[in-house]
Amino acid sequence: MNLVGKIEERLSLFSSLYDDIRIIDPFKKKIILSKSKDYEQSMGVCYKWWKRDEICKNCISMRAFINKETFVKVEYNGGKILLVTATPVTIDDQVYIAELIKDISRNGGLFSKEEEDSCYVAQLINSMNEKTIKDKLTGIYNRKYINERLAMDLSYSKIINLSMSVIILEIPDFDSTI
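Quick notes on the rules
Residues numbered from 1 in each chain as written. Predicted model: local features only at pLDDT ≥ 70, side-chain atom pairs only at ≥ 80, totals over all residues. Heavy atoms only, no water. 1 Å grid on protein atoms, 1.4 Å probe; cavity = no way out; pocket = protein on both sides within 12 Å on 5 of 7 lines; lining within 4 Å. Points joined across faces, edges and corners; volume = space filled by probe spheres on them. Nonpolar A, V, L, I, M, F, W, Y, C, P; charged D, E, K, R; others polar. Helix = DSSP H or I, 4+ residues; strand = E, 2+ residues; numbered from the N terminus. Disulfide = S-S within 2.5 Å. Buried < 20%, exposed > 50% of the residue type's maximum accessible area, 1.4 Å probe, protein only. Pairing = 2+ DSSP bridges. Contact = heavy atoms within 4.5 Å. Axes fitted to C-alpha atoms, helices over the stretch in contact; angles between N-to-C directions. Salt bridge = Lys/Arg side-chain N within 4 Å of Asp/Glu carboxyl O.

Draft legend 1. Structural view of the layout of surface pockets. Approximately 740 Å³ is the volume attributed to the largest pocket. Looking at the largest pocket, it is lined by 21 residues, and the ones nearest its centre are Ile 140, Tyr 141, Asn 142, Arg 143 and Leu 169. The residue inventory of the lining of the largest pocket, partitioned by class, reads 11 nonpolar, 4 polar and 6 charged. Put simply, the second largest pocket is a space of about 390 Å³. If you go around the second largest pocket, you meet 17 residues; those closest to its centre are Lys 29, Tyr 47, Ile 55, Met 152 and Tyr 156. For the lining of the second largest pocket, the leading source of residues is helix α5 (residues 143-159), giving 7 residues. Its residues assigned to classes, the lining of the second largest pocket comprises 9 nonpolar, 1 polar and 7 charged.

Draft legend 2. Broad picture of the state of the cysteines. A full pass over the atoms with the stated rule returns 0 disulfides. Looking at Cys 46, it has no disulfide partner, and the nearest cysteine sulfur is the one in Cys 59, 6.0 Å off. With a relative accessible area of 8%, Cys 46 lands in the buried category.

Draft legend 3. Focus on the sheet that holds strand β4 (residues 71-77). Across the sheet, 6 strands lie side by side as β3-β2-β1-β6-β5-β4; this open sheet has antiparallel pairing. Both outer strands of the open sheet, β3 (44-45) and β4, are each paired with one neighbouring strand and no more. With 7 bridges joining them, β4 and strand β5 (residues 80-91) adopt antiparallel strand pairing. Across the sheet, the residue bridging to Asn 77 is Lys 80, located in β5. Sheet contacts for helix α3 (residues 60-67): β4, β5 and β6 (94-103); angle to β5, the most-contacted strand, approximately 30°.

Draft legend 4. Spotlight on the pattern of salt bridges. All chains considered together, the criterion is met by 5 salt bridges. Salt-bridge contacts for Glu 99 lead to Arg 22; the nearest nitrogen and oxygen are separated by 2.2 Å. Linking Glu 99 in strand β6 with Arg 22 in strand β1 (residues 20-25), this pair joins segments that are 77 residues apart in sequence. Taking the relative accessible area as the measure of exposure, Glu 99 reaches 6% and is therefore buried. Looking at Arg 22, the relative accessible area reads 0%, which means it is buried. Several salt bridges converge on common partners, so that one network encompasses Arg 52, Lys 73 and Glu 75.

Draft legend 5. Quick peek at the pairing of β4. The element β4 is extensively covered by neighbouring structure, given that 5 of its 7 residues are classed as buried. The hairpin formed by β4 and β5 contains 2 residues between the paired strands, and Gly 78 there has a positive phi angle of roughly 60°.

Draft legend 6. Region of the structure containing empty space enclosed by the protein. Counted according to the given criterion, the structure contains 1 cavity of 30 Å³ or more. Looking at the largest cavity, its volume works out to about 80 Å³. Lining the largest cavity, in full, are Arg 22, Cys 46, Trp 50, Cys 56, Asn 58, Cys 59, Ile 60, Ser 61, Lys 73, Val 84 and Glu 99. Tallied by class, residues from the lining of the largest cavity come to 6 nonpolar, 2 polar and 3 charged.

As structure tokens, then:
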């Protein structure tokens with residue numbers, strides 16, 4: 001059985017629980033498989049599905065890959081509030097990430113469809129996602145963000161022939177010195 005067949009077989013158990021199930025190569029950010037009920041199936045890089053031109057800052061797929069465990073986040077896309085679950089799946093000794101996406105605004109009545117409510121919800125979700133990757137005191141990206149992004153950013157800078165510098169400064173007990 002080929003890779004796609006193996007993936008489809010494993011994910012068939014979850015097909016009724018989610019609106020979209022995608023398999024992602026976390027380093028290449030490539031969608032290997034997309035099984036969607038309500039969304040246009042798009043292959044290519046995963047962040048384009050979110051209508052972004054760059055890698056998601058709060059990339060739970062990379063976090064799931066690095067930590068070898070399941071992560072969940074809420075996203076706002078196309079007027080919908082989406083619950084995204086990312087979990088590692090090993091097939092033929094290769095680790096991929098299964099992203100399970102569920103529209104939680106459809107039946108829950110979480111907000112009205114008015115434009116001002118939609119903007120508020122989008123801002124609230126973006127703010128929550130930013131808090132997981134930025135230090136609350138300084139507002140700069142935290143170590144978790146650096147660990148998740150550094151390898152990808154280094155690879156990308158090499159591909160596009162762009163110089164890159166990294167400075168990491170750790171101040172022991174920084175919170176207690178203030």
